Amino acid sequence: MDNKDKKYWRSLGQLKDSPEYRKQLLEEYKTEKSSDPNQFSRRSFLTIMSASIALAGLAGCRRPVEKIVPYVKQDEQVIPGVAQYYATTMPFGNSSYGVIVESHEGRPTKIEGNPAHPSSLGASNLFMQAAILGLYDPDRSSKVMYKGKDKKFDDFKKSYKEIFDNHLKDKGEKLAVLSESFSSPTLSRLKKEFEKNFPKAKWVAYEPISDENSLNAIKRLTGKKIQPVYHYDKADIIVSFDSDFLNSESESLSAAKGFGAGRKMSSPDDKMNRLYVIESGYSITGSAADHRLKMKSVDIGLLVYELAIGLSNDGQSPISKFDKKWLKALADDLNANKGKSIVTVGKTQPRWVHEIAHKINFALDNIGKTIQFAENDSAEYSDKLKLENLSEKVSADSIDTLIILGGNPVYNSPADIKFNKLLKKVKTSIHLSEYVDETSSLCTWHIPRAHFLESWSDAQSVNGTLSVIQPLIAPLFNGISDVEFYSLVASGDSGNAYEKVKSTWGKFVDGDFEKGWRKVLHDGLNESRNTTYKPDRL
């Protein structure tokens, strides 16, 4: 049979050609008008949709007009479809990660680690990858708000000028600032300017998750607030007590790189490092352990204490709560590798556990070899005790103005502080935030915060490396950068963030400043400026 003679039917009803089918066919293509003006016939609906799709397609043929276009006249060096790469820095609490950002026609699209930066070494983590999504998040705040009503930033500056002048008179006695942790030479300089203008004001830093327990333990032992820098590539024996240092602890990227280097064997005579993990939950670090012991988090501190006794007692401990054979094997391994081991404790463990671990590392002669301590005069560390003291002053009506720089303390501060009630006791509360969150909704003023990819600033890594934060795009949501807002809080004038960062770096760039500054912008960092500290005892 010839193909052109074939017949096709849409349904069995059409093949049968029944009266019911004919009636249904007439109803389907009925063209009569509906008496209800809000009703659409099938044909009318399809007609409108077809026109809409056609118009959308026509509009799509033009270059979209968007506020995020970084230039009006395209640079002759920019080729559509060809990526450009810029070096900048992602601040993350007291850590900072050097990054290389891929950009297409002025729009950042991908973040990877900067191979030259010691905290990232070319790698990236989930926070760095998610940062690019945060840049384009449509839920970000885009308006200055005063008691829930839209305002302009100039309105806030005019209002703050009155607040600023009033607190100058009492030297900031009733003024307080609650900031996030940071490690930035420029922000630190602006904080000192604030303290100079308001010597009686209170400045508190708070983070719900931080290295506060470890830092306080070191300060209690040495009298200095210094940060430990772990060299996992130099350690033959690593003991982790509830520390997921390969994933969730601070400086996890450099830790993973160092740990991986200790696992590589270039010859049959090489030895791999050995990892002991004692933890309460299965972690990334636990999955890489040679010897893993699961234990309740509350018992881990006692095991650290037993290990300290066992190290000085031929591996034996008089306490019989834990497996003595396992503990003796661990103590013997550490004693056999003095100066080539690391004992680390997770940030969730209390201060006294960190103190014992630092003493163990000192006794094993690890300090100065696999572990160093670095002083960072640009860092502002989280301090829950100061937060509690601030809450007491607010409760006593001793604070009139509270300025909150980032964070969401209503949501993540300790429950017993009841931060939502504290905000109601101050006359004026100001919140710089990327979102209108729980804290912003209760504050007098809300100021939209710029993303780090939209801002000028700088950072200092744990090991002391200085790096610059430079914008790849103009603020998409009218955000105010940290440098501009810190400057406004400190001096009453937001100024120019670029000039303020450049002014800070005048003492960091040797020789011809303009030439050195351009190199810093190209590389994204400068040489290490940290001061290492080796305690005589712990």
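Residues numbered from 1 in each chain as written. Predicted model: local features only at pLDDT ≥ 70, side-chain atom pairs only at ≥ 80, totals over all residues. Heavy atoms only, no water.

### Quick look at the overall build of the protein chain
What the protein chain contains, in helices and strands, is 18 helices and 22 strands. The buried share of the protein chain, taken over its 538 residues, is 46%. At a minimum sequence separation of 6, the contacts of the protein chain that also span at least 24 residues come to 66%. For the protein chain, the computed accessible surface area is about 28600 Å², with 51% contributed by carbon and sulfur atoms. (Helix = DSSP H or I, 4+ residues; strand = E, 2+ residues; numbered from the N terminus. Buried < 20%, exposed > 50% of the residue type's maximum accessible area, 1.4 Å probe, protein only. Contact = heavy atoms within 4.5 Å. Areas by Shrake-Rupley, 256 points an atom, 1.4 Å probe, with all protein chains shown as cover.)

### A few points about the pairing of strand 10 (residues 237–241)
Among the five residues that make up strand 10, five are buried, leaving the element largely enclosed by the rest of the structure. Taking every second residue as pointing to the same face, both faces of strand 10 are buried, with Ile237, Val239 and Phe241 on one and Ile238 and Ser240 on the other. Note that strand 10 and strand 13 (residues 341–345) share five bridges and pair parallel. Opposite Ser240, over in strand 13, you have Thr344 as the bridge partner. (Pairing = 2+ DSSP bridges.)

### Topic: the pairing of strand 20 (residues 465–469)
One face of the sheet, then the other: side chains in a regular strand alternate in exactly this way. The buried fraction of strand 20 amounts to five of the five residues, a majority that puts the element mostly inside the structure. Residue alternation in strand 20 divides its side chains into two sets, Thr465, Ser467 and Ile469 and Leu466 and Val468, and both sets are buried. Here four bridges tie strand 19 (residues 457–460) to strand 20, and the two strands are oriented antiparallel to one another. Bridged to Ser457 within strand 20 is Ile469. The loop that links strand 19 with its antiparallel partner strand 20 comprises four residues; one of these, Gly464, has a positive phi angle of about 105°.

### Remarks on a nonpolar patch on the surface
Taken together, the side chains of Trp9, Leu12 and Leu15 make up a nonpolar region of the molecular surface, amounting to roughly 370 Å² of accessible area. Along the chain, the position of Leu15 falls in helix 1 (residues 12–16). (Patch = residues over 30% accessible without salt bridge, like charges linked within 9 Å, V, L, I, M, F, W, Y side chains within 5 Å. Salt bridge = Lys/Arg side-chain N within 4 Å of Asp/Glu carboxyl O.)

### A look at helix 6 (residues 185–197)
The terminal C-alpha atoms of helix 6 lie 19 Å apart, and with 13 residues this matches the ideal 18 Å at 1.5 Å per residue to within 8%. Among all positions in helix 6, only Pro185, Thr186, Leu187, Ser188, Leu190, Lys191 and Phe194 are buried. (Expected span 1.5 Å × (residues − 1).)

### Structural notes on the sheet that holds strand 11 (residues 274–279)
Taken together, four strands build an open sheet; the order of strands is 12-11-10-13 and the sheet is parallel. Every interior strand has two partners, whereas the edge strands, strand 12 (291–294) and strand 13, have only one. Ignoring strand direction, the axes of neighbouring strands in this sheet form an average angle of 10°. As judged from the four bridges shared by strand 11 and strand 12, these two strands associate in the parallel manner. Looking at strand 12, one finds that Glu279 is bridged to Lys294. Contacting strand 10, strand 11 and strand 12, helix 10 (residues 297–311) runs over the sheet at an angle of about 145° to strand 10. (Axes fitted to C-alpha atoms, helices over the stretch in contact; angles between N-to-C directions.)

### Here's the deal with the sheet that holds strand 8 (residues 202–205)
With mixed pairing, seven strands are arranged side by side in an open sheet as 5-4-18-17-16-6-8. Either end of the sheet is taken by a strand with one partner, and the two such strands are strand 5 (149–151) and strand 8. Taken pair by pair, the neighbouring strands of this sheet meet at an average axis angle of 20°, ignoring direction. Inspection of the sheet shows strand 6 (residues 175–179) paired to strand 16 (residues 401–405) by five bridges, in the parallel sense. Directly across from Ala176, in strand 16, lies its bridge partner Leu402. Running at roughly 135° to strand 8, helix 13 (residues 384–395) makes contact with strand 6, strand 8 and strand 16 of the sheet.

### Side note on the side chain of Asn114
With respect to the helices and strands, the residue Asn114 is situated in the loop between strand 3 (107–113) and helix 4 (126–135). Classification of Asn114 as buried rests on a relative accessible area of 5%. Contacts of Asn114, omitting those with residues within four sequence positions, involve Ala87, Gly98, Val99, Ile100, Ser120, Leu121, Gly122, Asp523 and Leu525.

### Observations regarding the pattern of salt bridges
Within the structure shown, the criterion is met by 21 salt bridges. The partner of Lys143 in a salt bridge is Asp150, with the nearest N and O atoms 3.2 Å apart. A relative accessible area of 43% means that Lys143 is categorised as partly exposed. A relative accessible area of 47% places Asp150 in the partly exposed class.

### Looking at the packing of aromatic side chains
Under the counting rule described, the total for this entry stands at 22 aromatic pairs. Seen in terms of ring centroids, Phe153 and Phe156 are 6.0 Å apart; in terms of plane orientation they differ by 25°. Their pairing is stacked. Here the residue Phe153 and the residue Phe156 both occupy positions in helix 5 (residues 153–169), the gap between them amounting to three residues, near one helical turn. Exposure remark for Phe153: the relative accessible area of 18% places this residue in the buried category. Pairing Trp505 with Phe508 gives two aromatic rings, centres 5.6 Å apart and planes at 85°, and the pair type is edge-to-face. Exposure remark for Trp505: the relative accessible area of 0% places this residue in the buried category. Through a chain of ring-to-ring contacts, the aromatic side chains of Tyr146, Phe153, Phe156, Tyr160, Phe164, Phe182, Phe194, Phe198, Trp203, Trp445, Phe485 and Tyr486 assemble into a single cluster. (Phe/Tyr/Trp six-rings, centres within 6.5 Å; stacked < 30°, edge-to-face > 60°.)

### Regarding the environment of Ser455
Among the secondary structure elements, Ser455 is positioned in the loop between strand 18 (445–448) and strand 19. Accessibility expressed as a relative area gives 7% for Ser455, which makes it buried. Put simply, Ser455 and Tyr498 are 43 residues apart on the chain and 8.7 Å apart in space, counted from C-alpha to C-alpha. Not counting the four nearest positions on each side in its chain, Ser455 is found in contact with Ala450, Ile469, Gln470, Pro471 and Ser481. Within the structure, Ser455 has its side chain in polar contact with the backbone oxygen of His451 (distance 2.7 Å). (Polar contact = N/O pair within 3.5 Å; in protein donor to acceptor, adjacent residues only side chain to side chain.)

### Topic: the side chain of Ser382
When you line up the elements, Ser382 lands in the loop between strand 15 (379–380) and helix 13. A polar side-chain atom of Ser382 sits 3.4 Å from a polar atom in the side chain of Glu212. If we ignore the near neighbours within four places in the chain, the residues touching Ser382 are Ser181, Ala205, Tyr206, Glu207, Ser210, Glu212 and Lys225.

### What about helix 8 (residues 252–261)?
Within the span of helix 8, buried status applies to Ser252, Leu253, Ala255, Gly258 and Phe259. Summarising the contacts, the buried residues of helix 8 are in contact with strand 2 (95–104), helix 4, strand 10 and strand 11.

### Regarding the nonpolar core
Among the nonpolar cores identified, the biggest contains 40 residues, and Phe156, Tyr160, Phe194, Ile403, Ile447, Phe485 and Trp505 are the most heavily contacted of them. Not counting residues up to four positions away in its chain, the partners in contact with Trp505 are Asp458, Leu466, Ser467, Val468, Phe513, Trp517, Val520 and Asn526. In terms of nonpolar packing, the next biggest core, distinct from the first, is built from 24 residues, Ile278, Leu327, Val343 and Ala357 among them. (Core = buried A, V, L, I, M, F, W, Y, C linked by side-chain atoms within 4.5 Å.)

Everything listed here is a matter of coordinates, which is why it stays silent on function.
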